[in-house]
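A closer look at the structure
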Amino acid sequence: MFLHPVMKAAALGFFLVTVSVSAADKQPEKSAASTENDAQRVEIQRLRERIAVLERQCPDLSGQKPPPAGGVAGGTEKYLLKARWDRLETGMERDEVRVLLGHPNTITRSAAGQVEVWGYGSSRSNRYGVGTVYFDDDEEVTTWISPTFKTD
């Protein structure tokens, strides 16, 4: 059978379009859940990369000693403020106590090692006396004794 070259090209084009459409029909569509999972994986990877960058920018403080007991930069002795002791709560973690009261003058453990005691101030240098904070095995505050703040 003889076909005009234009008709031959048209027939060939129709055939190619038909083949490409039917091939597209056979590809499984991604579900919304699968697409969402892919987006979450990409976001998690981006966050991991950001964390890695931030961690490289942070100095390693594990080998450094804390500032002088009871004090912070600028010489502020946080533990001398009654309002700070009033904000202590059972269950607070060590870092929360450090932020609130500063670094302790002393850190001791009970004989059995179950209780850690942080001492703030000394009877010689603090006119209010010594304050103590007690931590349990989970490193959370169990109780405390604040210095005796005079109201006059």
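Rules used throughout
The residue count restarts for each chain, going from 1 along the sequence in the order it is written. For a predicted model such as this one, the threshold for reporting local features is a pLDDT of at least 70, and the threshold for listing and counting side-chain atom pairs is 80 or more; totals across whole chains, interfaces and linings nevertheless cover every residue. By convention in this description, side-chain values take in all heavy atoms of the structure and omit both hydrogens and water. Where helices and strands are cited, they refer to DSSP runs of H or I of at least four residues and of E of at least two residues respectively, numbered from the N terminus. Throughout, a contact is declared for two residues whenever any of their heavy atoms are within 4.5 Å. To be clear on the numbers: accessible area is Shrake-Rupley with a 1.4 Å probe, and residue cover counts the displayed protein chains and nothing else. A pair is scored as a salt bridge if a Lys or Arg side-chain nitrogen falls within 4 Å of a carboxyl oxygen belonging to Asp or Glu. Exposure classes here rest on a 1.4 Å probe applied to the protein chains alone. A residue is buried below 20% of its type maximum, exposed above 50%, and partly exposed in between. A 3.5 Å cut-off defines polar contacts: any pair of N or O atoms within that distance qualifies, except that in protein one atom must be a possible hydrogen donor and the other a possible acceptor, and neighbouring residues in sequence count only when both atoms are side-chain atoms. We treat two strands as partners when DSSP finds at least two bridges between them. Fitted lines through C-alpha atoms serve as axes, helices being fitted only where they are in contact, and the angles separating the N-to-C directions of these axes extend from 0 to 180 degrees. A pair of aromatic rings is counted whenever rings of Phe, Tyr or Trp (Trp by its six-membered ring) have centres within 6.5 Å, and the orientation is called stacked for planes under 30 degrees apart, edge-to-face for over 60 and tilted otherwise.

1. Description of the overall build of the protein chain
Across its full length, the protein chain carries four helices and four strands. When the helices and strands of the protein chain are read in sequence order from the N terminus, they spell out α-α-α-α-β-β-β-β. Taking all contacts inside the protein chain whose residues are at least 6 apart in sequence as the whole, residues at least 24 apart take part in 37%. If you sum the accessible surface of the protein chain, you get close to 11800 Å²; carbon and sulfur atoms cover 56% of it.

2. Concerning the pattern of salt bridges
This structure, assessed with the given rule, holds seven salt bridges. For Arg98, the salt bridge goes to Asp95, with nearest N and O atoms at 2.9 Å. Residue Arg98 and its partner Asp95 are both found in helix H4 (residues 94-101); the two are separated by three residues, about one turn of the helix. On the basis of relative accessibility, which here comes to 26%, the residue Arg98 falls in the partly exposed class. For Asp95, a relative accessible area of 55% corresponds to the exposed category. Linked by salt bridges that have partners in common, Arg94, Arg109, Glu116 and Glu139 make up one network.

3. Points about the side chain of Glu116
By secondary structure assignment, the location of Glu116 is in strand S2 (residues 116-120). Reaching out from Glu116, the side chain makes a polar contact with the side chain of Arg94 at a distance of 2.9 Å. A distance of 2.8 Å separates polar atoms of two side chains, one belonging to Glu116 and the other to Trp118. Sequence-distant contacts of Glu116, that is, excluding residues within four places in its chain, are made with Arg94, Ile107, Thr108, Arg109, Val133, Tyr134 and Phe135.

4. Details of unusual backbone geometry
For Glu139, which is not glycine, the phi torsion reads 60 degrees and is therefore positive. Within the secondary structure, Glu139 sits in the loop between strand S3 (131-135) and strand S4 (141-145). By relative accessible area, which is 38% here, Glu139 ends up partly exposed.

5. So, the sheet that holds S3
Strand pairs in the sheet, formed through backbone hydrogen bonds, run parallel or antiparallel to each other. Read across the sheet, four strands follow the order S1-S2-S3-S4 without closing on themselves; strand pairing throughout is antiparallel. If you trace the sheet from one side to the other, it starts and ends with strand S1 (106-109) and S4, each paired once. With direction set aside, neighbouring strand axes in the sheet form an average angle of 20 degrees. Pairing between S2 and S3: five bridges, direction antiparallel. By the bridge assignment for S3, Gly119 is matched with Thr132. The sheet strands contacting H4 are S1, S2, S3 and S4, and the helix crosses S2 at an angle near 5 degrees.

6. A few points about the packing of aromatic side chains
Throughout the structure, instances matching the rule amount to two aromatic pairs. An angle of 90 degrees between the planes, with centres 5.8 Å apart, marks the rings of Trp85 and Tyr120 as edge-to-face. Of this pair, Trp85 sits in helix H3 (residues 82-86) while Tyr120 sits in strand S2, placing them 35 residues apart in sequence. Accessibility assignment for this pair places Trp85 and Tyr120 in one class, buried.

7. Considering the environment of Glu116
Given the relative accessible area of 8%, Glu116 is considered buried. A sequence separation of 23 residues divides Glu116 from Glu139, and the C-alpha atoms of the two residues are 8.0 Å apart. Of note is the side chain of Glu116, whose polar atom sits 2.8 Å from the side chain of Arg109.

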